[in-house]
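Structural characterization, general
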Amino acid sequence: MFKSVHVFRVKPGQELLGEISRFCGERGITSGVVVGIIGSVRRARLNFLIDLPGKYEGVDYDGPLEIVCAQGSVALKGDDTIVHVHIHLSDQELCRGGHLAEATIFSTAEVVIGELDTQLRREADSYTGLNELMD
Amino acid sequence: MFKSVHVFRVKPGQELLGEISRFCGERGITSGVVVGIIGSVRRARLNFLIDLPGKYEGVDYDGPLEIVCAQGSVALKGDDTIVHVHIHLSDQELCRGGHLAEATIFSTAEVVIGELDTQLRREADSYTGLNELMD
Amino acid sequence: MFKSVHVFRVKPGQELLGEISRFCGERGITSGVVVGIIGSVRRARLNFLIDLPGKYEGVDYDGPLEIVCAQGSVALKGDDTIVHVHIHLSDQELCRGGHLAEATIFSTAEVVIGELDTQLRREADSYTGLNELMD
């Protein structure tokens, strides 16, 4: 279950993924679910997986773009905490979603993390070439 | 944590944001996370933030459009309960997401709200010109 | 509330909706919220509701496409467990979301299900022509 649900704001000019990692690091959160993120970004880079093992393309987007939603997880690979987030960005004309590489906040990001009472772990997967959730 | 998770349906012809507010009002929910919404809309208006402080454009969409997902929060600003939702709408040709201003339900909306055991609060932010989550 | 939060991986080549149903069946989960799914698909079929009662169009998509997010529920209709999921797929050029009919996993799908302590139920609705959540 979610032993705790953390709701916090990331502010204008801050980098979203780094701030989530920092929040988790300061509170000792190593296992959780990114339940949601809404807000807006000034710019962002998304990765799109195009082939296996592990070949992706990064695309840069200039905002302002709405953060429509985001989902993901916080897990350990060995002793390292990995925050894995997919995010959906949109304005009146463009609409894209993918793996969040980095994003600079425009007005705000309201982040919700459900901290788990069990430990999520990742390990390298030779078939996908990525760090995948362990059973 | 989520002290309660509320799952309810909004019905054809009803206005989505108003029904969520009414649901929360009747049950005394003043702090929570909009975990998700799926369904379909007959029409909707989304707002897109285009400049700071607080300048946005509203765009009207005619459905039927799928509600692919939605995320957000329920929080107090002073004594007022504010429901803040970003929503993703799509059909076979159009795909957009933004700040939910209003939406009329087509077939259904299945709404999930996680009620928090802590109080979320908003206050006016002079830089963004919006009501932002407080630390 | 969520009496348990299940996080599990669906693997390359597996069919997403069937694997979620199988996971729920094996663990006796008949009531829950699909909190999120991220990953990528090799191909997928989405349904779009175009008219009432219950007329939809299915569209097939070839990947690889990112699973940006997904939301939905697990509920009983009579004795049958129904998994209802809306999903958002995107690459650098295409972005669509709709009712998940089926999807074959490319690299991974990381599925989060919050198991409820109350029983969600569906029943046929003559107006929408669909199985809708009961009050």
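Just so we're clear, the structure is a prediction, and the values are computed from it rather than from any experiment.

Going from B:Leu52 to B:Pro53, the amide bond is cis rather than trans, its omega being 0°. Looking at where B:Pro53 falls in the secondary structure, it is placed in the loop between strand S2 (32-51) and strand S3 (55-77). Each neighbour pair has its own omega, and for C:Gly63 with C:Pro64 the value is 5°, a cis peptide bond. Its place among the elements puts C:Pro64 in strand S3 (residues 55-77).

Glancing now at the relation of the copies chain A and chain B. Once chain A is rotated about the relating axis by 120° and shifted along it by 0.0 Å, it coincides with chain B to within an RMSD of 0.0 Å. Taken together, the rotation angle and the small translation identify this as a three-fold axis.

It is worth spelling out the interface of chain C and chain A at this point. A common way to state how big an interface is: give the accessible area lost once the parts meet. Chain C puts 34 residues into the contact, and the matching count from chain A is 36 residues. Across the chain C/chain A interface, buried area totals approximately 2600 Å², and carbon plus sulfur atoms make up 62% of it. The tally of links between chain C and chain A comes to four salt bridges. Across the salt bridge formed by A:Glu132 and C:Arg9, the nearest N and O atoms sit 3.9 Å from each other. Viewed at the interface, chain A and chain C are joined by 14 residue pairs in polar contact (both at pLDDT 80 or more). Mapped by element, the contributors of at least two residues to the side of chain C that touches chain A are strand S1 (2-10), strand S2 (32-51), S3, strand S4 (80-90) and strand S5 (95-116) of chain C. When its residues are assigned to classes, the side of chain C that touches chain A shows 16 nonpolar, ten polar and eight charged.

Moving on to the interface of chain A and chain B. Listed per partner, the contact involves 34 residues of chain A and 36 residues of chain B. Summed over both sides, the interface of chain A with chain B buries roughly 2600 Å², with 62% coming from carbon and sulfur. Sorting the residues of chain A by area buried against chain B places A:Arg9, A:Glu66 and A:Gln92 first, and these three jointly supply 24% of that buried surface. Put simply, chain A and chain B have four salt bridges between them. In this structure, the connection of chain A to chain B is made through 14 residue pairs in polar contact (both at pLDDT 80 or more). Taken together, the elements giving at least two residues each to the side of chain A that touches chain B come down to strand S1 (2-10), strand S2 (32-51), strand S3 (55-77), strand S4 (80-90) and strand S5 (95-116) of chain A. Residue classes in the side of chain A that touches chain B are distributed as 16 nonpolar, ten polar and eight charged.

Residues with a pLDDT of 70 or more make up 100% of chain A, whose mean pLDDT is 97. Our summary of model confidence lists the complex with pTM equal to 0.98 and ipTM equal to 0.97.

Now for the packing of aromatic side chains. Inspection of the entire model under this criterion finds six aromatic pairs over all chains. Ring geometry for A:Phe2 versus B:Phe2: centroids 6.0 Å apart, planes at 75°, classification edge-to-face. Within this pair, whereas A:Phe2 is found in strand S1, its partner B:Phe2 is found in strand S1 (residues 2-10), the two belonging to separate chains. Taking relative accessible area as the criterion, B:Phe2 reaches 4% and is therefore assigned buried. Consider the rings of C:Phe8 and C:Phe23, whose centres lie 3.7 Å apart with planes at 5°: the pair is stacked. With C:Phe8 in strand S1 and C:Phe23 in helix H1 (residues 16-27), this residue pair connects regions lying 15 residues apart in the sequence. On the basis of relative accessibility, which here comes to 11%, the residue C:Phe8 falls in the buried class. Accessibility expressed as a relative area gives 11% for C:Phe23, which makes it buried.

Taken as a whole and judged by the stated rule, the model has 27 salt bridges over all chains. A:Lys11 is the partner of B:Asp135 in a salt bridge, and the nearest nitrogen-oxygen pair spans 3.2 Å. Taken as a pair, B:Asp135 in the segment after strand S7 (130-133) and A:Lys11 in the loop between S1 and helix H1 (16-27) lie in two separate chains rather than in one. The exposure class of B:Asp135 is exposed, given its relative accessible area of 81%. Where B:Arg9 meets C:Asp125, a salt bridge forms, and the shortest distance between an N and an O atom there is 3.1 Å. In this pair, B:Arg9 sits in strand S1 while C:Asp125 sits in strand S6 (residues 122-125), so the two residues belong to two different chains. Residues B:Arg9 and C:Asp125 agree in their burial class; the two are buried. What emerges from the salt-bridge pattern is a single network uniting A:Glu19, A:Arg22, A:Glu26 and A:Arg27.

Cut-off values and rules
Residues numbered from 1 in each chain as written. Chains lettered and ligands numbered in written order. Predicted model: local features only at pLDDT ≥ 70, side-chain atom pairs only at ≥ 80, totals over all residues. Heavy atoms only, no water. Helix = DSSP H or I, 4+ residues; strand = E, 2+ residues; numbered from the N terminus. Least-squares fit on C-alpha atoms with pLDDT ≥ 70 in both. Contact = heavy atoms within 4.5 Å. Buried area = accessible area lost by both parts, 1.4 Å probe. Salt bridge = Lys/Arg side-chain N within 4 Å of Asp/Glu carboxyl O. Polar contact = N/O pair within 3.5 Å; in protein donor to acceptor, adjacent residues only side chain to side chain. Nonpolar A, V, L, I, M, F, W, Y, C, P; charged D, E, K, R; others polar. pLDDT = per-residue confidence, 0-100. Phe/Tyr/Trp six-rings, centres within 6.5 Å; stacked < 30°, edge-to-face > 60°. Buried < 20%, exposed > 50% of the residue type's maximum accessible area, 1.4 Å probe, protein only.

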